[in-house]
Amino acid sequence: GVPNKYLVEYPIGNRVLDTGWRGSLSNDGSPLYPGGISGAGSDTVYNMFSSLTQDTLRVTVIGPDPNTGWNYDVRCRTPRLADGEVCSSSGAGVDEDCPSTACAFASFSPNISTTVCCQSGVLARIYVSSSGGWSSSGSRYFCTEQPDGTLCENNDAICLSDACVKGVCASSKLATNEVCTVDNDCMVGSCGYAS
């Protein structure tokens, strides 16, 4: 469809969302849409702002065609669960009941089958294999920014430190001549035998 741009302000005067031009990618490059098309016409944006003392927000829709039809919904979301509580993501990493809507595995362990509300609000999508003990092979979502000691196999993205060493999140990668298990454990990215 014909692209439009949505701007949301809360409180009025403080822009909390600029969707960019949303619509048919066939319009990308047109001078009517400076900056290009940022995505498809429909989208959902969560957690734009937390309610303050003001009870008014402003939504402005901008588009070059006065005959374009558009609609939007703004609604308050009151989470029913707390961070760390068990949630149900239906495989998509999202549960509306979580404060950030992010729902995933808290650690990289095939023995843990429950997902929890992610405190970080950010997910890492990681491929797992049934040969590693998972019920089936495929991508799974994991909470990121996990503390030291969290099981991570060799996936740095799970760890707050961005360092997964010997299967757990650690404060940093191993230095040269420290005992390692796999290349990912090491600062230099190579694990080998010392002579």
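See the structure above.
Because the structure is predicted, anything quoted here is derived from the model rather than measured. (Residues numbered from 1 in each chain as written. Predicted model: local features only at pLDDT ≥ 70, side-chain atom pairs only at ≥ 80, totals over all residues. Heavy atoms only, no water.)

## Some thoughts on the state of the cysteines
- Following the criterion strictly, the structure yields 6 disulfides and no others.
- At a sulfur-sulfur separation of 2.1 Å, the disulfide partner of Cys-98 is Cys-117. Taking the torsion about the S-S bond as the criterion, the Cys-98 to Cys-117 disulfide, at about -75°, is left-handed. Of the two residues, Cys-98 sits in the loop between β5 (86-87) and β6 (103-104) while Cys-117 sits in strand β7 (residues 115-117), which places them 19 residues apart along the sequence.
- According to the relative accessible area criterion, Cys-98 is buried, its value standing at 0%.
- Among the residues examined, Cys-117 registers a relative accessible area of 2% and is labelled buried. (Disulfide = S-S within 2.5 Å. Helix = DSSP H or I, 4+ residues; strand = E, 2+ residues; numbered from the N terminus. Buried < 20%, exposed > 50% of the residue type's maximum accessible area, 1.4 Å probe, protein only.)

## Comments concerning unusual backbone geometry
- Cis rather than trans, the peptide bond between Tyr-10 and Pro-11 has omega equal to -15°.
- Structurally, Pro-11 can be placed in the loop between β1 (4-9) and β2 (15-22).
- Positive phi, close to 75°, is recorded for Asn-177, a residue that is not glycine.
- Of the residues examined, Asn-177 reaches a relative accessible area of 73% and is grouped as exposed.

## Thoughts on the nonpolar core
- Phe-105, Phe-108, Ala-124, Ile-126, Val-128, Trp-134, Phe-142, Cys-152, Ile-158, Cys-159, Cys-164 and Cys-169 form the largest nonpolar core, which has 12 residues in total.
- When residues in this core are grouped by element, the largest group, 3 residues, is from strand β8 (residues 123-128).
- Not counting residues up to four positions away in its chain, the partners in contact with Phe-142 are Ala-104, Phe-105, Ser-107, Phe-108, Val-122, Leu-123, Ala-124, Ile-126, Val-128, Trp-134 and Ile-158. (Core = buried A, V, L, I, M, F, W, Y, C linked by side-chain atoms within 4.5 Å. Contact = heavy atoms within 4.5 Å.)

That is the geometry; function is a separate question.
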